[in-house]
Each structure stands twice: as structure tokens, then as C-alpha cells.
Amino acid sequence: MGCGHKDDKASLASSQIASFSHQPHQPLSTPASKEVWKKGGRMFSILLAVHLALLACTLVSSGAFEKIAVHDYDVFFLLTVMMLIVIIWIIFYLVGTSRGPDAILCKDSHAGPIWLRGGLILFAIFSLVMDVFKIGYYSSFYSCLSAIKIIYPIVQAIFVIIQTYFLWISAKDCVHVHLNVTRCGLMLTLTTNLAVWMSAVTDESVHKAHSKLKKNVTEEIFRWILKAGMRSSSAEECNCNSQICQIFKNGYFWLYPFNIEYSLFASAMVYVMWKNVGRIIDHHSHHIHHLKFRLFRRTFFVGIMLGLIILVSGLGVLIVYEVQVNSSTESSKKSQALTMYYIFNIVCLGLMSLVCIGGSVIYRFDKRDMDRHKNPTRTLDVALLMGAALGQYAISYYSIVAIVASTPRDTISALNLTYALLMIAQHTFQNIFIIEGLHRQPPKEDHKHDSHQKDLYGLTFVNINAVSLRVPDSGSTLAPSAASGTEAIHPSDLVRSLTAPKKMNWRRKFLREISMFLLLSNIILWIMPAFGARPQFDNDTELNFYGDSMWPAIVDICLPFGIFYRMHAVASLLEVYIMS
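Just so you know, these numbers come straight off a predicted model, no measurement behind them.

Is there a simple way to think about the overall build of the protein in this case?
Within the protein, the secondary structure is distributed over 20 helices and two strands. A total of 580 residues make up the protein; the buried ones form 49% of that total. For the protein, the proportion of contacts with a sequence separation of at least 24, taken over those separated by at least 6, is 88%. If you sum the accessible surface of the protein, you get close to 29,100 Å²; carbon and sulfur atoms cover 66% of it.

Would you mind showing me how to read helix α9 (residues 256-276) here?
Residue pairs spaced three or four apart in an α-helix point in one direction, given the helix's 3.6 residues per turn. Here α9 spans 31 Å end to end across 21 residues, near enough to the 30 Å set by a 1.5 Å rise per residue. The element α9 is extensively covered by neighbouring structure, given that 19 of its 21 residues are classed as buried. Following α9 by one or two positions, Gly 278 adopts a phi angle in the positive range, close to 75 degrees.

Any chance you could explain the environment of His 110 here in plain terms?
Checked against the element boundaries, His 110 lands in the loop between β1 (104-107) and α4 (114-139). A relative accessible area of 22% places His 110 in the partly exposed class.

Explain the packing of helix α3 (residues 72-97) against helix α5 (residues 148-170) to me, please; I cannot follow it from the model alone.
The description of two helices packed together rests on the angle between their axes and the distance between the axes. One way to put it is that α3 packs onto α5 with a least axis distance of 9 Å and a crossing angle of 30 degrees. One way to sum up the angle between α3 and α5 is to call them roughly parallel. Taken as a pair, α3 and α5 cross one another with a handedness that is left-handed. Here the residues of the contact of α3 with α5 sort into 22 nonpolar, four polar and two charged.

I'm lost on the packing of aromatic side chains in this one. Help?
Describing an aromatic ring pair means giving the distance of the ring centres and the angle of the ring planes. Under the defined criterion, the tally for this structure stands at 28 aromatic pairs. With centroids separated by 5.3 Å and ring planes inclined at 75 degrees, the aromatic side chains of Phe 123 and Phe 265 adopt a geometry described as edge-to-face. Highlighted residues: Phe 123 in helix α4 and Phe 265 in helix α9, separated in sequence by 142 residues. With respect to burial, Phe 123 and Phe 265 carry one shared label: buried. A network of ring pairs unites the aromatic residues Phe 123, Phe 126, Trp 254, Phe 258, Phe 265, Trp 526 and Phe 531 as a single cluster. Over the face of the ring belonging to Trp 274 we find Arg 42, whose NZ or CZ atom lies 5.5 Å from the ring centre.

What is the right way to look at the nonpolar core in this model?
Within soluble globular proteins, side chains that are nonpolar tend to cluster in buried spots. Phe 166, Phe 433 and Trp 526 are the most contacted members of the largest nonpolar core, which has 134 residues in total. A total of 16 residues in this core trace back to one element, the largest contributor, which is helix α20 (residues 550-579). Each of domain 1 (38-226 + 240-280) and domain 2 (299-442 + 505-579) contributes no fewer than three residues to this core. Setting aside residues up to four positions removed in sequence, Trp 526 forms contacts with Phe 123, Pro 257, Phe 258, Glu 261, Phe 531, Ile 563, Arg 566 and Met 567.

Please clarify how the pattern of salt bridges should be interpreted in this entry.
Pairing between side chains of opposite charge can happen when the charged atoms of each approach one another. Scanning the entire structure with this criterion turns up three salt bridges. Linking Asp 173 and Lys 107 is a salt bridge whose minimum nitrogen-to-oxygen distance equals 2.5 Å. Placement of Asp 173 in strand β2 (residues 173-175) and of Lys 107 in strand β1 is noted, with a sequence separation of 66 residues between them. The partner of Arg 364 in a salt bridge is Glu 436, and the shortest N-O contact between them spans 2.2 Å.

I keep staring at a nonpolar patch on the surface and nothing clicks. Help me out?
Taken together, the side chains of Leu 354, Ile 357, Val 361, Phe 365, Phe 429, Ile 432, Trp 506 and Phe 510 define a hydrophobic patch exposed on the protein surface, amounting to about 760 Å² of accessible area. Of all the elements in the fold, those that place two or more residues in the nonpolar patch are α11 (331-364), α13 (411-438) and α17 (506-530). By residue number, the principal contributor to the nonpolar patch is α11, which donates three residues. Assignment of secondary structure puts Phe 365 in the loop between α11 and α12 (376-405).

Whenever I open this one, unusual backbone geometry confuses me. Can you help?
Non-glycine residue Asp 102 carries a positive phi angle of around 55 degrees. Look at His 178: it is not a glycine, yet its phi comes out positive at around 50 degrees. Its place among the elements puts His 178 in the loop between β2 and α6 (179-213). In this structure His 178 comes out as partly exposed when scored by relative accessible area, which is 41%.

Any chance you could explain the state of the cysteines here in plain terms?
Here, disulfide denotes a covalent bond that connects the sulfur atoms of two cysteines. On inspection of all chains with the given rule, the structure shows zero disulfides. In this model Cys 174 remains outside any disulfide bridge; the closest cysteine sulfur is found in Cys 106, 4.2 Å from its own. Accessibility expressed as a relative area gives 0% for Cys 174, which makes it buried.

I tried to follow the environment of Tyr 341 on my own but got confused; where do I start?
Note on placement: Tyr 341 falls in helix α11. Since its relative accessible area comes to 3%, Tyr 341 is described here as buried. Here the alpha-carbon distance between Tyr 341 and Arg 534, two residues 193 residues apart in the chain, equals 9.7 Å. Beyond its immediate sequence surroundings of up to four residues, Tyr 341 is in contact with Val 317, Tyr 321, Tyr 419, Met 528, Ala 533 and Pro 535.

Looking at this structure, I do not really get the packing of α5 against α9. What am I missing?
Put simply, α5 and α9 touch, their axes get as near as 11 Å, and they point 40 degrees apart. Relative to α9, the element α5 is oriented oblique. Crossing of α5 against α9: the hand is left-handed. For the pair α5 and α9, the contacting residues are Gln 156, Val 160, Gln 163, Thr 164, Phe 166, Leu 167 and Ser 170 in the first and Asn 259, Tyr 262, Ala 266, Met 269, Val 270 and Met 273 in the second. Looking at the contact of α5 with α9, its residues break down into eight nonpolar, five polar and no charged.

Quick question: what am I supposed to make of the confidence of the model for the protein here?
Keep in mind that low pLDDT regions are not for reading the predicted coordinates in detail. Residues with a pLDDT of 70 or more make up 73% of the protein, whose mean pLDDT is 77. Counting contacts from residues 227-236, a segment whose pLDDT is below 50, to residues more than four positions away or on other chains yields 30 contacts. In this model residues 284-291 is a low-confidence stretch, pLDDT under 50, and it forms 19 contacts with partners more than four residues away in sequence or in other chains.

Cut-offs and rules
Residues numbered from 1 in each chain as written. Predicted model: local features only at pLDDT ≥ 70, side-chain atom pairs only at ≥ 80, totals over all residues. Heavy atoms only, no water. Helix = DSSP H or I, 4+ residues; strand = E, 2+ residues; numbered from the N terminus. Buried < 20%, exposed > 50% of the residue type's maximum accessible area, 1.4 Å probe, protein only. Contact = heavy atoms within 4.5 Å. Areas by Shrake-Rupley, 256 points an atom, 1.4 Å probe, with all protein chains shown as cover. Expected span 1.5 Å × (residues − 1). Axes fitted to C-alpha atoms, helices over the stretch in contact; angles between N-to-C directions. Parallel < 35°, antiparallel > 145°, perpendicular 65-115°, else oblique. Left-handed = near helix turned anticlockwise from the far one by under 90°. Nonpolar A, V, L, I, M, F, W, Y, C, P; charged D, E, K, R; others polar. Phe/Tyr/Trp six-rings, centres within 6.5 Å; stacked < 30°, edge-to-face > 60°. Lys NZ or Arg CZ within 6 Å of the ring centre and 35° of its normal. Core = buried A, V, L, I, M, F, W, Y, C linked by side-chain atoms within 4.5 Å. Domains from an automatic or database assignment. Salt bridge = Lys/Arg side-chain N within 4 Å of Asp/Glu carboxyl O. Patch = residues over 30% accessible without salt bridge, like charges linked within 9 Å, V, L, I, M, F, W, Y side chains within 5 Å. Disulfide = S-S within 2.5 Å. pLDDT = per-residue confidence, 0-100.

Now the structure itself:
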């Protein structure tokens with residue numbers, strides 16, 4: 001009995017060892033989440049964010065009007081308090097939460113890619129320069145201003161520095177301790193960024209209106225416009241007369257677009273972190289792709305060269321437009337500038353639409369599989385692309401209705417109608433191309449190798465010298481595997497397979513060219529409206545049709561979303577380029 005029992009134990013152990021040897025890569029069990037009700041914690045943090053966002057939106061919108069008893073320094077006070085609370089929470093997270101035992105069990109490889117964090121740092125640098133200009137501007141007449149106007153840019157600069165560092169090192173974290181506190185902190189951070197964005201958009205819109213109407217405005221409108229920069233009650237005492245003061249004032253208004261994009265980029269990254277709180281990632285099913293960004297390799301340079309031509313031409317059009325429309329009072333020069341602007345945009349949007357259609361056709365021949373794994377970053381990218389495009393859709397449809405219903409129709413009206421139609425088509429085709437590219441699996445390195453060469457690519461960890469030592473002097477091949485029946489492999493074949501250059505097929509090359517052309521084109525289409533080229537205010541058709549109050553309100557609400565769409569499309573196209 002004893003010997004039989006020992007034999008059974010030995011056979012059982014040997015069978016277990018054998019089964020384990022046949023499955024060397026068996027995935028370990030995914031740790032269970034410690035959270036009982038994840039939706040409850042998320043719901044509480046969402047409610048907190050909604051109430052804070054509504055409060056901030058109410059104050060920001062009310063502070064823009066003279067007749068409402070809400071001053072701009074009330075808005076600055078609220079934003080300063082919110083940023084200070086976020087700074088305290090970020091320090092608590094970095095010092096306490098993230099360093100706790102079992103705090104971060106896994107990281108989301110898709111969250112916070114290097115190009116997104118690099119763009120965040122770029123916008124953060126310009127935001128800091130804007131804060132320096134704003135501090136210098138308000139310090140020029142500090143004696144007649146509330147102290148909060150000088151404190152606000154100082155706190156905002158500290159907030160930008162700490163938040164950028166936080167997102168750079170923690171964007172991929174999946175936190176598993178202090179879950180509800182972390183969710184509420186992240187939602188507070190997101191709401192603060194959106195509130196700063198709303199304040200910046202309001203200030204910039206009022207400043208643009210001031211620059212357009214400063215030559216012939218009534219006293220009431222003038223006092224309302226002054227609310228963007230200083231209290232109307234002390235406008236006489238706080239005039240910016242010195243040259244250095246004018247430099248600071250013009251400088252920080254020109255840098256507002258970068259601060260606006262920074263707030264939106266940070267909000268997107270914080271939202272992904274919020275989605276990853278308490279998330280368990282199975283690394284065996286969660287594909288991690290280490291992709292290298294090679295800008296000037298494996299391309300025909302057609303997309304880059306054509307995109308650069310569009311970019312340089314657009315900069316020239318922007319300069320001429322600013323000079324002839326914003327600095328000249330002659331109607332003929334204004335008409336010429338509008339005609340030039342519309343022709344350039346029609347050509348650019350037409351080419352982009354055709355290229356996007358061509359890219360979608362190439363996808364029909366692409367053999368890559370669709371990536372159906374859960375990816376909060378990609379889900380957010382798609383939602384932002386579709387949502388931000390609604391702003392430009394709204395402006396285009398309002399323009400179409402105004403042009404068709406108005407008489408008489410001239411050349412500029414025809415160009416404006418074509419521009420609006422192409423804007424709708426280009427947004428639609430580009431969204432289809434980007435979304436399909438984001439859902440594609442990264443390409444395999446080489447599809448033309450035979451079966452034993454494909455297996456060799458997985459042996460990059462093998463020491464080739466050690467393999468060659470196993471080969472007998474008289475033999476030239478490795479011993480075949482009787483169990484698997486694989487073909488004998490020569491060591492030189494192994495070396496050639498591991499060091500052979502990887503070929504790229506024509507589909508990948510064309511997709512890279514298309515992505516790079518669209519990327520550069522979207523950059524110039526972001527620069528033009530962000531830095532003053534806004535024909536919606538200079539074309540009289542829509543203004544006469546909808547009135548002086550309705551049409552500027554429509555543009556002020558919808559245009560920031562259109563500007564954000566362009567910059568987010570640039571980030572998404574860069575990802576499509578790298579994934580191709």
C-alpha cells in the first residue's frame with residue numbers, strides 16, 4: 001500500500017510537471033478588485049464635478065456682462081480657490097496615495113502616450129509665458145486693481161507646473177487605494193481645467209470683439225468689453241498707456257490659444273486617469289505595442305512636402321488677412337482678403353477630403369485585424385473627435401441657411417457657401433479615416449516570411465552563440481524536434497532572419513503619407529482661426545441675416561470647439577501615423 005501510494009504521488013507529480021512544461025506561458029490569475037461598488041464612487045465624483053462646473057459656468061458667463069452684479073475678480077477668486085485645492089490634492093496623491101503598498105498594481109499602456117504628453121508640455125510652456133505677461137500687465141497699475149488679479153496668474157502658473165509634472169509621471173496609473181478620494185480629486189482637476197478654459201475663451205472672445213468694434217462702439221458696449229481685462233468702475237484710472245504695458249497686454253492675448261489647448265489636453269488626460277481608477281488590466285490579453293516614431297523613414301516624402309506647402313501658404317494667407325482685414329478700413333482690400341482666404345481653404349479642404357476618401361479605400365485592402373480590446377483612451381479620442389466636430393458643423397449649417405436665404409448673391413457668398421459645404425464634408429471624411437485607423441491593430445513586421453522564419457522572430461531573447469554551440473562540428477543543422485515535427489533550421493538562417501530588414505508594403509506607406517499630409521493641414525487650419533483669421537465676423541452675410549447679437553453668440557460658442565477639433569485631430573493623426 002505504501003509503495004503504491006508513493007508511486008501514485010510520483011506519477012501525479014510527473015504529470016503535473018509535464019502539463020506545466022507544455023504550457024510555459026499560462027497566464028496568471030488576474031487579481032480581483034477590492035472595490036465593492038465601482039459605479040457608486042464614480043457617480044459621487046460625477047455629481048461633484050457637475051455642480052462645480054455649473055457654478056463656474058454661471059460665474060464666468062455672468063462676469064462678462066456689465067449689468068449683472070458679478071465682477072471679474074469674483075470669477076478669479078473662484079478659479080484661484082479651485083486651483084489651490086487641486087494643487088493640495090495632487091501633492092497628497094504624489095506623496096501619499098501613489099507611494100502606498102499595492103497602490104498601483106498595473107499601468108495602462110495606451111494612456112498618456114509620449115506625443116500627447118509632449119504636446120502638453122509645449123502648451124504648458126506657452127501658458128507659463130502668458131502668465132508672466134499677465135502678471136506684468138496687471139502689475140503696471142496694481143494700485144487701482146483688486147489684489148486677486150495679480151494673485152490669480154501666479155497661482156495659475158504654479159498650478160500649470162504641478163499639474164504638468166503630475167500628468168507626465170502618473171498618466172498611466174491604475175490606482176487601487178483611496179479610490180473615492182482619487183476619483184473626486186481627478187474630477188475636481190478636470191472641472192478646474194474646464195473652468196479655466198471657459199474663462200480664457202470668454203476673455204479672448206471679448207477681446208476679439210473689442211478689437212473689431214473699438215472704432216465705432218457705443219459707451220455701453222465699451223464698458224461691457226472692458227470687463228474682460230479690468231473693472232469698468234476704475235477704467236479711467238487703469239488705462240494702459242505705457243509701451244511696456246501694451247506689450248504685456250498684446251502678448252498674453254496672443255498666447256491665449258495655447259492656454260486654451262493646454263486646459264483641454266489636461267482635461268482629456270485626467271479623464272482617462274479617472275476611468276482607470278480601480279481598473280484591473282490583464283496584461284496577457286492587454287496588448288502592449290512598443291512603436292517607434294520614425295518621421296523620415298519608410299516614406300515617399302510626398303505627404304510631408306505637400307503638407308509643408310499647405311502650411312507655408314496658409315501662414316502667408318494669415319499674414320495678408322490680418323493686415324488687410326484687421327488693420328485696413330478699405331472695403332476693397334477686405335473683399336480681396338476674404339476671397340483669398342476662401343480660395344485657400346476651399347483648395348485645402350478639397351484636397352483633405354479627397355485624401356481621406358483615398359485612405360478609407362486603402363483600408364479596404366488592409367489585412368490588419370481590428371482591435372476590439374477595451375481602451376478608454378481610444379474611446380475618449382473618438383468621443384472628442386465626434387463631439388468637437390459639432391461646433392464647426394453648427395457654424396457651417398448656420399452659414400448655409402443664411403447664404404441660401406439671402407439676396408443678392410455675390411462672389412464672396414458663393415465662395416462662402418462652397419467653404420461651408422467642404423468644411424462639413426472634410427470633417428466627416430476625416431473622422432471616418434481617423435477612427436478606422438485608431439481601431440486597427442499595429443502591423444506585423446513582415447507578412448512574407450514562411451512559418452519557421454516567423455517563429456524565429458520570437459526568439460530574439462535567444463543567445464545566438466549559445467545556439468551555435470549546440471551544433472555538432474560535422475552537422476550543419478539543428479536537431480529537428482520530433483514532438484513538434486518542425487523543420488530543421490540552420491544557424492545562419494537564424495541570424496539572417498533576426499537581422500533582415502523589415503519590409504513595408506505599399507498600403508502602409510500610403511497611409512503614412514496621408515496621415516502626415518492631414519496632420520500638417522490640420523495644424524494650419526488650427527493656427528488661422530486661433531490667431532485672428534475669423535471670416536465669420538468679417539463677412540456681412542451671416543451678420544445681416546441673424547443680427548448683431550445672435551450671430552456673434554453662435555460663433556463665440558461654437559468656434560472654440562472647432563479650434564479644439566483641429567488640435568485633437570493632429571494628436572490622433574500622429575497616433576494613426578505611428579500605428580501604420
